[in-house]
Amino acid sequence: MIRKINLLHYLPEDTYRKICVRLGLDFNKQRGNIIVFPDEKIKKIDLYNIDYMKFGHIWFMDVEVDFPKLFCEYDLFGKNLYEEYYRIFEEEIMAGFPTYDQLCCTYIEYVSMLALDEDSSDTVNRLQEKCVPEQLDKALWDKYKKPHGTIEFCVFIEGNSLETLARCYGTTLKKRVRDTTLHKTVGLIPEAAVNKVTEMRIMDWLYKQYGIS
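All values derive from a computational prediction rather than experimental measurement. (Residues numbered from 1 in each chain as written. Predicted model: local features only at pLDDT ≥ 70, side-chain atom pairs only at ≥ 80, totals over all residues. Heavy atoms only, no water.)

A.B. asks: Would you mind showing me how to read the pattern of salt bridges here?
C.D. replies: It is possible for side chains of opposite charge to pair when their charged atoms get near one another. Throughout the structure, instances matching the rule amount to 14 salt bridges. The salt bridge involving glutamate 90 is made with arginine 22; its shortest N-O contact spans 3.8 Å. Of this pair, glutamate 90 sits in helix H2 (residues 77-94) while arginine 22 sits in helix H1 (residues 13-23); the two residues are 68 residues apart in sequence, bridging distant segments of the chain. Classification of arginine 22 as partly exposed rests on a relative accessible area of 37%. Between glutamate 84 and arginine 87 there is a salt bridge whose closest N-O contact spans 2.7 Å. Separated by 3 residues within a single helix, glutamate 84 and arginine 87 lie in helix H2, roughly one turn from each other. Judged by its relative accessible area of 6%, glutamate 84 falls in the buried class. One continuous salt-bridge network, built from bridges that share partners, spans Arg3, Lys4, Lys43, Glu64 and Glu109. (Salt bridge = Lys/Arg side-chain N within 4 Å of Asp/Glu carboxyl O. Helix = DSSP H or I, 4+ residues; strand = E, 2+ residues; numbered from the N terminus. Buried < 20%, exposed > 50% of the residue type's maximum accessible area, 1.4 Å probe, protein only.)

The structure is reproduced here in structure tokens:
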């Protein structure tokens, strides 16, 4: 299942300005326009803009979503997400908002719980050979960092139960999903990331890499 997902939005300047007003943020700041809602479906909104020499001025909104709080199957994620956007921004802002298929998934966390078929000590031994301590200790997972082109794969075993977390940035998502029609600038279109087949292929590949059966 998905634990968290970040989506990048490319906004018209007018819509960006209206969102800043709605959220009480400073339109004139190029970076640092961040608002956090720790217990909400949308946990964080980060507005920033960059004046590129080649592409011109581009207005961005990065949104962090607590996926389980949307209470939906993958195919309803876009619908439920936009219902939440309408609740926050209302009709006037949403009139200039990008559609779901125009967004870019720049980060996603896939999590799973597995029951081991074999004596867990064999799996523990294999993982200890391949992993650093931060990968195997749940209390240290936040300290485990890799370059964005590499999946941050964390594992915790208790008895015969195995919990995994795969933190995937846009760069590595594009590596694992080779179909370029599903790529979007620095990541994937949401439909490709919020996808059971994509998740299964990535997790199965990781299990093979780490000798998890």
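This is not the end of the story, as more comes after the structure.
A.B. asks: Whenever I open this one, the pairing of strand S3 (residues 42-52) confuses me. Can you help?
C.D. replies: Every other side chain in a regular strand lies on the same face of the sheet, so the side chains alternate between the two faces. Alignment of strand S2 (residues 33-36) against S3, held across 4 bridges, turns out to be antiparallel. Across the sheet, the residue bridging to isoleucine 34 is aspartate 46, located in S3. Hairpin connection between S2 and S3: a loop of 5 residues separates the two successive antiparallel strands. Inspection of the sheet shows S3 paired to strand S4 (residues 56-66) by 10 bridges, in the antiparallel sense. The residue of S4 that forms the bridge with lysine 44 is glutamate 64. (Pairing = 2+ DSSP bridges.)

A.B. asks: I keep staring at the packing of aromatic side chains and nothing clicks. Help me out?
C.D. replies: The relative placement of two aromatic rings is captured by the distance of their centres and the angle of their planes. As enumerated under the stated definition, the model contains 18 aromatic pairs in all. The interplanar angle of 85 degrees and the centroid separation of 5.9 Å between the aromatic rings of tyrosine 82 and phenylalanine 97 together place this pair among those described as edge-to-face. In this pair, tyrosine 82 sits in helix H2 while phenylalanine 97 sits in the loop between H2 and strand S5 (104-115), placing the two residues 15 residues apart along the sequence. Comparing tyrosine 82 with phenylalanine 97, the two get one shared label, buried. Both rings, one in tyrosine 82 and one in tyrosine 100, keep their centres 6.4 Å apart while their planes meet at 85 degrees; by these two values the pair is edge-to-face. Placement of tyrosine 82 in helix H2 and of tyrosine 100 in the loop between H2 and S5 is noted, with a sequence separation of 18 residues between them. A connected cluster of aromatic rings, assembled from ring pairs, spans Phe67, Tyr74, Phe77, Tyr82, Tyr85, Phe89, Phe97 and Tyr100. One Lys or Arg, arginine 17, reaches over the ring of phenylalanine 27 and ends 3.7 Å from the middle of that ring. One cation-aromatic arrangement involves arginine 176 over tryptophan 205; the distance from NZ or CZ to the ring centre is 3.8 Å. (Phe/Tyr/Trp six-rings, centres within 6.5 Å; stacked < 30°, edge-to-face > 60°. Lys NZ or Arg CZ within 6 Å of the ring centre and 35° of its normal.)

A.B. asks: Quick question: what am I supposed to make of helix H7 (residues 196-210) here?
C.D. replies: The end-to-end C-alpha separation of H7 is 21 Å, in line with the 21 Å expected for 15 residues at 1.5 Å each. If you check which residues of H7 are buried, you get Thr198, Glu199, Ile202, Met203, Leu206, Tyr207 and Tyr210. Along the axis of H7, the buried positions cluster into a sector of 160 degrees, meaning they face one direction only. Opposite its buried face, H7 presents the exposed residues Arg201 and Lys208, each directed more than 90 degrees away. The N-terminus of H7 is capped by asparagine 195, whose side-chain oxygen sits 2.9 Å from the backbone nitrogen of valine 197. Within two residues after H7, glycine 211 carries a phi angle of roughly 70 degrees, on the positive side. (Expected span 1.5 Å × (residues − 1). Arc of directions from axis to C-beta. Polar contact = N/O pair within 3.5 Å; in protein donor to acceptor, adjacent residues only side chain to side chain.)

A.B. asks: I would appreciate a short explanation of the side chain of serine 112 in the present structure.
C.D. replies: In this fold, serine 112 is placed in strand S5. Looking at serine 112, its side chain comes within polar contact range of the side chain of tyrosine 207, at 2.8 Å. Each residue touching serine 112, except ones within four places of it in the same chain, is listed here: Leu162, Glu163, Thr164, Met203 and Tyr207. (Contact = heavy atoms within 4.5 Å.)

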